[in-house]
Each structure stands twice: as C-alpha cells, then as structure tokens.
Amino acid sequence: MRRRTNVVVNFTRAGDLIQSRYMLRAIKERYPDEELVLVTLPAFAPTAQCIRAVDSVLIADADAWLSALHAPRADLSQAIKLIREFANEQRLSNIRTLHNMSHTPQSAYLCGALAAQSRYGLVTTDRGRFSCRGRWYHYLLSVIRERKHNAFNLVDVFTRCADGYAALASESELKIDDATHRQAETLLTRHGLSAHERFVVFIPGASASNRQWPTEHFADVASQLKACGYRTIITGGQGEASLGESIARQSREAAASLCGSTDINVLVALLKRANLVIGNDTGPLHMAAALGTPTLGLYIGPAAAKDTAPYGEGHVILQPIRASGPCDYRTPCVTCDCRYQIPPALVIKCARALLAGQQCAPCVDKAVAMFETQINTSGDLEIRNVSQAMAGDDAATHYRSFWNYALDAVGDAFAPRSAARTQTSVYYAQLGRRLVEVLEQVKRNPLLLSSYHFDNPPALDAATASLACSFVNFLKVRMELIPHRSEAYLNYIDETIEIMVRAAEWLLECEAPANQSSRRVSVMR
Amino acid sequence: MLDAQIILQYVTDVGSRRAVEAAADLPTAYARDGLPTLTWKGARLHSAVNPRSEFVRTFPELEACSVLPPTSETVHVLLLAPGLGYAIKALDRELRLNFPAHQFVITCVEADAEIARKALQLRLWEPVQTPVRFVVPSDGEQCPELTVAVSRAAIVVRSTPGYRLQSPFYEATLRTRCTRTQPSAPLRILVPTPVYGGSVPIAGYCASALRELGHEVELFDLTAYAEMLNAPQKITADSKHRTALQTLLSTYLGELIVARAAEIQADLVWAVAQTPLMPMALLELRELKIATALWFVEDYQTLTYWRQVASEYDAVFTIQRGPFLEELKQCGVTHAHYLPLAADPRVHKPLTLTQQDQQRYGSATSFVGAGYPNRQHLFERVALPDFALWGNDWPAQSVYSRYGRSDGKRVSTEECVRIYNATTINVNLHSSNRHDGVNPHGDFVNPRTFEIAACGAFQVVDHRSELAELFDLEQEMVTFSDDGELTAAIEHYLNNPERRAQVAARARARVLKDHTYVTRMKSALAQLTEVGVLVPARDNPNRIARLKEAAAGDEELLQFLSQFADNDTVTLDDIATKILEGSGDLSPPEALFMMMREFRDWGRVRGVIQ
C-alpha cells in the first residue's frame, strides 16, 4: 500500500502559505513518519516547496483545467482527463488527515472528492452544501466574514486549526540549500555588495496598489540608509520590475533593483542574509519573519497588523490610523490616501533602531500606529502598542483568553483577573447570563441551534461588544455549516453546546471574587 | 450507361457479387396486358393486370430535400425498390417535366440481387435519357457506394410494394442518410432578431422550427432597440452624424449578440437579413469558434448591405439563385446555398372566423402588404371586385384612400392570418420599385405565398421564376403575368368555388409537406453539417460517448455518466444541474465536476477565461 499521507490544500496566496508554516509543522510533528503533501496552485508551488515541514508539493494545475473549460468550445473530455490524472495521484490515495486551508468552493469540492480518514476545514457533503470540521476552522471562517473583532494573528489561528501551538522553532521554517546561498552571494556581488556587507531589503510590491507604500518614500528611505552606510536591495517579481527601477532611479542608485532576477529560492536566501527587511504586507515579508530576519512592516489599505503582523519577536509594524480602521478587503479603495500617511522619517528612525538591535522609540506621529510583536505566555503573538496615539489593548488580551478557553479549554476561565469588577467585567457577566438563557432554551430543544437567530448583543462597551459580536458570528457560521447526517449532526450540536458552555463559564467567571473557585455553568454538562 | 456490369461494380462484397452473377433467373410471369410481372416470396411486385400503367404514374411522394441544388449541379435521385424498373421510366418523365432545367442521375437501390438481375435482363424502362445506376448492396451498412448514393440524394422515391416488403432494409438505409447529414445531437443555437422590419417574425419562425427539431434555441429579441436605432434621425439631419451614431449602435448590438452567444455557449448563431451583426462582431464569433449563418431573406438587388457582411459568415442562405450565388462566391463566401422561404403551420393555419371577424377582415379580393410603387400602379389600374387593401407605407393620395382598411398601419401577423382566411381571393403581388405591375424577371417567392397557402386560403400570385419548383402551377397555385391575367383569374375563380377550394387545399398540403420552416431549418442544418460548418456530433468533445472514453477505467465516473445518453452533448452546467437534482452526499466524480464548475466560474469572474 502506498505510504500514508497527510494532505493540506491551500489555494490562497503565497503569504498565506508562509503563514501556515507552523500549522504544517504541527501536522508533521504529529505524524513524523508520514508524508506531508501540500496541494497548491502552480503560481504558489515554488513558495510551497520552500517550507521545511512540507515533504512534497502537488500542483493542482488549474491553468490547464481552465484552458479545457474555456467557453464556448469547452473540452470536457480533456478536463476529465486532467482532473482524473490529478485525482489518481498516488499521494492522494491513502490520506490520514486532509486539511482545507482555503475557504473557497473549489477547494471544498476538491476535499469532498478525496477520501481521507479525517477531513478538516470546509468540505462539500450534500448537493451544493458545505460543512466544516474543526472548531478553529469555524473561527477562521467567521473572521474572514467579519475580521474587525479578531485579535489573533493568522499564524496562530492556522496553527490552532491543526491543534497546534506556534512555539517558535529553533531552526528556520524555510529551506535554503548551500547552492542557493551561493547563488544569492553571486547576485549580491554582481550588484557591488561584498560578502559581509550589511544591507536592507525593500519589498515595494503588493497584491494591490492600495497596499503599496509610495515608491518615492521607499527611495527617500534608501537614500538615508545609504547615508548611514547601508546598501538597499529591492526585490520583487518580473511584474514589479518597473516599481524597482523607479525606486532605484529616484534614490539615485542608493537602492539596486533585483526585481525579476530572483526565483523564490534565491529570494529566500537574500531575505535570510539581509539585516532588515522593509516592506508592505506580503509573502516575502512573512518569509523574512519566518527566516528570523528583523522586519519593518508598512501596513497600508486593508492590511491590519492585528491579523497578519510578521510572526515572531521584535518585528515592527507601522500602520496608518484611520477612524474606520483598515479598509475592507472586498471594497476597493477610492482615494488610497493612507498610503502617504506613514512618513519616511519615521520609517528611517525605526529602521536605524532595528539595525542597531535596539527597541524603537515610541511613535509620536498621531496619524500612525506603531506595533512591536511579541509572543505571550499562551504562545500567541501579541502586537504591543508602542504608539502614543493609541491606548493599550486589554480587550485583545481578553479576547484571546476567551477564545482559547471556549474552543480549546486552554488557560483559566477569565484569566485576566486584573479586569475583575471593572465595568467591563460587569458587561462580560451580563453577556454570560444572556448566553446561559440561550443555553437553557437549547437544552429544551437542541434543534433551536440550527434555526436560532442570535440577537445582536445589548449595548456594551467596545471590548465586550467586540467579543460578543465575534461569538455571534462564530455561531452563525457554525450553524450555516451544520452537517445533515444524523450522527455527525448530533456530535456537532454537542460540540457547539460545549463551546457555548465554556464561553458562558469564561464570561461568568469574571464576576467571581478573586482567589475563589470558579463558578461552573451546569447547563448541559 | 445501363449495363449488367454496372450492377457488379457496386457489389463490393465478394460473396454477394457471386450471388448476383450466379443468380438463377426468376421465373418470368406475364400480366394481362402482356408485360412481364414478378412475384417475390409470394407477393406481387407489379400489377398482374396492367403493369403498363406504371409507365405513366406520377410521384406525389417525391421527397424533395426541401430544395434542389442549383441547376449547375447534378441532382441525385434515389429510387428505392424499383422491382422490374417500370417506375424508372415514369420517374424520368416526371423529373424532366417538373424540373426541365436540371440534370439528374437516378440511382436504384434494390435489396434483392435476383430482382435486380431480372430487371437488368428485361430493361423495361429503355429508352430513358437520364443516367440510371443500380446499387445492390451486399450489406447496407458496409457498402460505400450505397452510403455515397444515399448521402448525395436530393430526392428519394419509394416504390411500393417492393419497399414495403423489405422496409427494414430500406428504412435502415435512409437512417444512415439522416445521421450523416443532420447533427444527431442537440445544438445550442442563438437566433438574434433584427431590430425591426419584416424579417423579425421570420427569425421567430426559425427559432420555433429549430426548437421543434430538438435543438436548444434562444430567440434573442432585439426589437426593443428599434427606438434607439431611429433616434439619430430625430437628433440630427447631418448624415455624417447619423451614420456615426447608427454605426455605434450597430456595434453595440453586435457585441450584445456576441456576449449572449458566448454566455450560452452557442454552437451556432442563426441570423436572418437585417440582424445587426457587423463584420467585427462576426470576427469575434469566429474567434470564439461559434458558427454563424445568415439567411438573407430579402431581394439582394434591393437590399445590398450583404456585400459588407456576407464573407464574414460561415455560410449564407439565399432565397435567390443564379447571379446572387455567383456574386456571393466572388465576395469570398465559401458556403452559399439556396433556401426558399416557408410558412409556420402553427401560425399560418385555417381559422374558423367569428361573424364579427369575417365582417371586419373579409372581402372578395384583398391585398396585404406595403405600398411599393408597382402595387400602387397595378391596383390603381385594375379594378378588383370588393377589394380591400391592408398594410403600411401607402401614400395617402393613392389607391389606398379608396380601398385601405388598416389606417396605413402595419398589419400584425395574427391579423394577416385572419385576412387570408376571410378573403375569397388573396392577391399576392411581389414588391418592386422598378416596375409598374408584375416584375417579369421576378425570381424569389415571398413569404406571403407560403403563408396564404398554409392558411388553406386561395391566392393568385404574380409569376416568379422559382415558383414552378416549389408548387405545381396547374394544381397548387394560380399565377398571373399581367393585368389581364389577373382580372381573368379573379373572375374565373370567383365563380368557381369548388376549383378554388381544390387548389387551396393542394397548396396547403404542399406547404405542409415541403415548405415549412421546419423543413427549411432541417435542410439548412444538414447543409451546414455537410460542409463542415457545424461540427458533427461524433467529433464533439463534450459528447457523453467521448466523456466516457476519457473516464475509461473509472467505474464510479462511468456510472455517473451513464445517466446521460451516449449521443447527448453536455455542458458543465448540464452536468452540475444533474448533480444538484440528486440527493445525498456527493460522490467523488460529482464533487470533481462541481469543482470544475467553480474553477470555471472563478476564471470567468477574473476574466481568465470566457
């Protein structure tokens, strides 16, 4: 029989692939003797191949499928041949666990077609219906729908999807061989950098222009870095060549553009070798973080540090402050004003501190938020606010504590006891009592869960409202994806009630006097 | 031409060849009139009294393929079960009489070699001028000569009782003809209408007929844009601006058609004259590999825009032959075919009128149509009894002021049918801008001719050169060539109601048999398939049989595909619809098909694919 495999399907983006590295490692560590197969689209295959935990990459050649499906002369015979070739791949014949990291119907149908001992994430079951297994996958889907309340880094959510926790690895999560290192050195030499010369990498591109810091600002920073004795290398794909050339020209050659002249492997080697990476929220920025290289992220437009800050200790993110928060992914930006909100002077100031191995001075610019990443005791990434313009974010701590407890029973109920007896804790308890009422109804009739419309939470403070909204969203997603088979249905209901009970416990616990045993919610336990 | 050797030429199978060579002479019997007759397996193939009468028989069962090829081409006639061949002589006479301008070849297909041999010995039909060949197939399915003869045949004649006695063989032979010339799987056809004009209903009739033939048809109604197309005339008097605006709108409408054709994944766009498809749109359709055909249902000398577009169509069908077909060739049209107009029996039918309708629409004589100059002149000159004039574009001070009944408005199709039914004698005068009455050189036959006939109504129609090939001018249609003949015909037929009813009934029967839009569309699709404009179904990669080949070895997938017939041609959406109609969990093949559809939609949204 073919060697057993664990398969992860990811059709999203290169950045998402890199951010799933700990999740992949968690699966690999659980099944070290089995092959970990990453299924991805052709464009992301080189990135996938760099991830250390991945044993092999299987390309879903959607380009060829689309070509066969090209209307009006679609060739279904050809499409069937191609799909069968793919589905008959040996690595898909003996799957232990199948994870769908994408949240697309395409990947859900693919996962529905593959036989596996256990399937996680979005899959199709019934006619055109989707179901989802894995409570953190439900959380992920609810966040994709409404992300403003989320306080988890995407890496942490991904990792929890595989029941893992993202303890930092001792070795780099990305693979680089010696030959690639040498290729990178040769390339640097060709651009006038000696073997041990310190340099900064710029990542000026992004998937959309409203996520790109202006080229003139990058050029300005390059000029100032040169004055400090640092060379700058601009990286990017062939499509970003003009962007690189523009920055090089504006910086009067203080920066050298390597856009289009590196493959993914060489890029990884360059990022590893760099002293600092400055760039927009992109795959290469996350690669740099995965390699342990300090990064300075410029989070423009819809990019949000709380969701996708570079994972690891000590990364710095600058993000424009806007009343409405980051743009919505689905709503195209009209003005892109915030692109200019981060001044080059602030970037150079932070860059100099990071290059010197120092902490950045608190940001005094009222239009810009500055965050620094750190891993907390629960193993979650936190973004520490080092900006004077924004208050501290206890709500985020509460939020993570709530979800860790509700979904994984990790940590104590209402761990942040310092907040007890504040107005917020009163609100939390209020919310908990409301949840108990719902649970009482569900106890009488579990079917209510599938048709229950959770009312909007009562007027609470921002932190509690955020927590309440995220929980309502979560339950909505869970109910939308309820399985229809009786056995799975009952298990699903039980699991949902269990989550609700834990959520209620966490909320009610905040009213318990300090140092007393926690109150337990007896409903349905 | 006729020689015993010929029979052997067409016998390809060695065994059968020997059988023919060695065939024992069938015993010859003689009828009362002295001519040979034949009994085969206990049944008489010819009259035992008077086989001679077969020399003069007529062929009401002549099955024309709706239209004969141009006179420049030889017409192949298939005579099935000729027996001793009496029918050959009669058939030769009838063909020469009815189609004097054509050259024919008669191919006799005789299922039984012994009968054929006897026929060749006796040669009862000699002398005939038409070349005659005999094909005696060893095996109907495998004989290439038979296949060629059947596929070429424009006319098929069945000779009874021989046909009846071996009908399974002959029917199987004819089925090979159908499968060869008709696309055997349903096509997806877009029929865009013109924005306005007389061709709009014809587009509708075509769509209905194609649907009746089992194809998936979408009638794309563009008449809502008529006001827009006329708007430039209200906005500016400057012809330059008018032309520019109308061109823009035509381009827009053309793009609409392209977009719709791509959206529904059409196999064919069937356009009638005046449909707004300009060369750019036709090129786009070609790039999308969507076949295009134009039925130019107008007089090519009056409406000349065809010169700009015809060569961009994959095929052009015309209601005129001769010079027009030649000119089309010169313009670069590869496939040009004659396809006369027709009637739609579901629309054009006999009605039992209420007394009110009879009063409103009835008259002894009437004419329905637009006020072209030749009509104005003729009806001004010739006083017709109890005459009613219906239609639009008649000058106010013309004959219309005396006889007009529709306030100068266009008469709807429904009203036309009522008028035809309510009128004792419908006058049908083809339009002309260049004559003052009958156009002596008129060739094509207008839709009204077929429509009045299909209503079972009586008409007198001006002489047209193509009319004789479409109707029997003695039995089915009454014509006139000048004012005098018109007056005489009206007088004669007004006083002979029985003869009137006979002619009308025969004309209706003829239309129902040969001149419906269904027969026209069937013929057109056969032509398009024959010349390769339409991909034969067997080559379609989306045919279930082909999908099964691709799925070979995958039992689950094959089982899923077995829900469809092998000859079905399916789209991804058809498959998805079938999947969603099912119940329970998706099987792996079903999930993969759904995934393909999601990828396809994703690709379309992002513009990766169309």
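Residues numbered from 1 in each chain as written. Chains lettered and ligands numbered in written order. Predicted model: local features only at pLDDT ≥ 70, side-chain atom pairs only at ≥ 80, totals over all residues. Heavy atoms only, no water.

## As for the overall build of chain A
When helices and strands are tallied, chain A shows 20 helices and 14 strands. Taken over 525 residues, chain A has a buried fraction of 59%. Taking the contacts inside chain A whose residues are at least 6 apart along the sequence as the reference set, 65% of them involve residues at least 24 apart. Carbon and sulfur atoms make up 49% of the accessible area of chain A, which totals about 21100 Å². (Helix = DSSP H or I, 4+ residues; strand = E, 2+ residues; numbered from the N terminus. Buried < 20%, exposed > 50% of the residue type's maximum accessible area, 1.4 Å probe, protein only. Contact = heavy atoms within 4.5 Å. Areas by Shrake-Rupley, 256 points an atom, 1.4 Å probe, with all protein chains shown as cover.)

## Side note on the overall build of chain B
Helix and strand content of chain B: 26 helices and 20 strands. Classification of the 610 residues of chain B by burial places 53% in the buried group. In chain B, the share of contacts with a sequence separation of at least 24, taken over all contacts with a separation of at least 6, comes to 67%.

## Looking at the interface of chain B and chain A
Tallying the contact residues gives 44 residues for chain B and 32 residues for chain A. Summed over the shared surface of chain B and chain A, the result is 1 salt bridge. In this structure, Arg84(A) and Asp554(B) form a salt bridge, with 3.7 Å as the shortest nitrogen-oxygen distance. There are 4 residue pairs in polar contact (both at pLDDT 80 or more) connecting chain B and chain A. Listed by contribution, the elements that provide at least two residues to the side of chain B that touches chain A are helix H23 (544-550), helix H25 (572-581) and helix H26 (588-605) of chain B. At 13 residues, H26(B) tops the list of elements feeding residues into the side of chain B that touches chain A. When its residues are assigned to classes, the side of chain B that touches chain A shows 27 nonpolar, 9 polar and 8 charged. (Salt bridge = Lys/Arg side-chain N within 4 Å of Asp/Glu carboxyl O. Polar contact = N/O pair within 3.5 Å; in protein donor to acceptor, adjacent residues only side chain to side chain. Nonpolar A, V, L, I, M, F, W, Y, C, P; charged D, E, K, R; others polar.)

## Considerations on the pattern of salt bridges
Opposite charge on two side chains allows them to pair when their charged atoms are near. Counted under the stated rule, the structure contains 41 salt bridges over all chains. The residue Lys306(A) makes a salt bridge to Asp307(A) at a minimum N-O spacing of 3.1 Å. Accessibility expressed as a relative area gives 26% for Lys306(A), which makes it partly exposed. The buried category is assigned to Asp307(A), whose relative accessible area is 7%. Notably, a salt bridge pairs Asp483(B) with Arg381(B), separated by 2.6 Å at the nearest N-O pair. Note that Asp483(B) is positioned in helix H20 (residues 483-494) and Arg381(B) in helix H15 (residues 373-381), a separation of 102 residues in sequence.

## Observations regarding the sheet that holds strand E1 (residues 5-9) of chain A
Residue and element names in this part refer to chain A. Pairing in this open sheet of 6 strands is mixed, and the strands run E3-E2-E1-E4-E5-E6 from one edge to the other. The open sheet is flanked by strand E3 (56-59) and strand E6 (130-133), the only strands paired with a single partner. The sheet shows a mean angle of 25 degrees between the axes of neighbouring strands, direction not considered. Looking at chain direction, strand E5 (residues 116-124) and E6 are connected through 4 bridges and run antiparallel. Residue pairing for E6: threonine 124 is matched across the bridge by phenylalanine 130. (Pairing = 2+ DSSP bridges. Axes fitted to C-alpha atoms, helices over the stretch in contact; angles between N-to-C directions.)

## Notes on the packing of helix H10 (residues 239-263) of chain B against helix H11 (residues 279-287) of chain B
Residue and element names in this part refer to chain B. With their axes 9 Å apart at the nearest point, H10 and H11 run at an angle of 15 degrees to one another. In terms of orientation, H10 lies roughly parallel with respect to H11. Two packed elements cross with a definite hand, and for H10 against H11 that hand is right-handed. Residues Gly254, Glu255, Val258 and Ala261 of H10 form the contact with H11, whose own contacting residues are Ala281, Glu284 and Leu285. The residue makeup of the contact of H10 with H11, split by class, is 4 nonpolar, 1 polar and 2 charged. (Parallel < 35°, antiparallel > 145°, perpendicular 65-115°, else oblique. Left-handed = near helix turned anticlockwise from the far one by under 90°.)

## Notes on empty space enclosed by the protein
Residue and element names in this part refer to chain B. In the structure shown here, the tally under the stated rule is 5 cavities of 30 Å³ or more. Taken together, 14 residues make up the lining of the largest cavity; nearest its centre are Leu45, Ala81, Glu110, Ile115 and Gly162. Tallied by class, residues from the lining of the largest cavity come to 7 nonpolar, 6 polar and 1 charged. (1 Å grid on protein atoms, 1.4 Å probe; cavity = no way out; pocket = protein on both sides within 12 Å on 5 of 7 lines; lining within 4 Å. Points joined across faces, edges and corners; volume = space filled by probe spheres on them.)

## Describing the side chain of His337(B)
Residue and element names in this part refer to chain B. By secondary structure assignment, the location of histidine 337 is in strand E15 (residues 336-338). The exposure class of histidine 337 is buried, given its relative accessible area of 13%. In terms of polar contacts, histidine 337 uses its side chain to reach the side chain of glutamine 527, at 3.5 Å. Histidine 337 has contacts with Val316, Phe317, Thr318, Leu325, Gln527 and Val531, leaving out every residue within four places of it along the chain.

## With respect to the sheet that holds strand E10 (residues 276-280) of chain A
All names here are of chain A. Across the sheet, 8 strands lie side by side as E9-E8-E7-E10-E11-E12-E13-E14; this open sheet has mixed pairing. Each edge of the open sheet is held by one strand with a lone partner, namely strand E9 (255-257) and strand E14 (381-385). The sheet shows a mean angle of 25 degrees between the axes of neighbouring strands, taken without regard to direction. Here 5 bridges tie strand E13 (residues 368-375) to E14, and the two strands are oriented antiparallel to one another. When the sheet's bridge partners are listed, isoleucine 375 is paired in E14 with leucine 381.

## Topic: the packing of aromatic side chains
Applying the stated criterion to the full structure yields 44 aromatic pairs over all chains. Ring geometry for Trp136(A) against Phe152(A): centres 5.3 Å apart, planes inclined by 90 degrees, an arrangement best described as edge-to-face. In this pair, Trp136(A) is assigned in helix H7 (residues 135-145) and Phe152(A) in the loop between H7 and helix H8 (154-161), connecting sequence segments 16 residues apart. Judged by its relative accessible area of 1%, Trp136(A) falls in the buried class. Its relative accessible area of 0% is what places Phe152(A) among the buried residues. Note on Tyr163(B) and Tyr170(B): the rings are 5.4 Å apart at their centroids and 20 degrees apart in plane angle, and the pair reads as stacked. Considered together, Tyr163(B) and Tyr170(B) belong to a single accessibility category, that of buried residues. Taking the ring centre of Phe444(B) as reference, the NZ or CZ of Arg464(B) above it sits at 4.8 Å. (Phe/Tyr/Trp six-rings, centres within 6.5 Å; stacked < 30°, edge-to-face > 60°. Lys NZ or Arg CZ within 6 Å of the ring centre and 35° of its normal.)

## A few points about the nonpolar core
Grouped together as the largest cluster of nonpolar side chains are 159 residues, with contacts concentrated most on Val39(A), Tyr139(A), Trp403(A), Phe471(A) and Phe593(B). Among the elements that make up this core, the one with the highest residue count is helix H20 (residues 486-509) of chain A (12 residues). Those residues in contact with Trp403(A) that sit more than four places away from it in its chain are Trp136(A), Tyr139(A), Phe152(A), Asp408(A), Ser470(A), Phe471(A) and Phe474(A). Val191(B), Ala453(B), Ala507(B) and Leu534(B) belong to the second largest nonpolar core, which has 81 residues in total. (Core = buried A, V, L, I, M, F, W, Y, C linked by side-chain atoms within 4.5 Å.)

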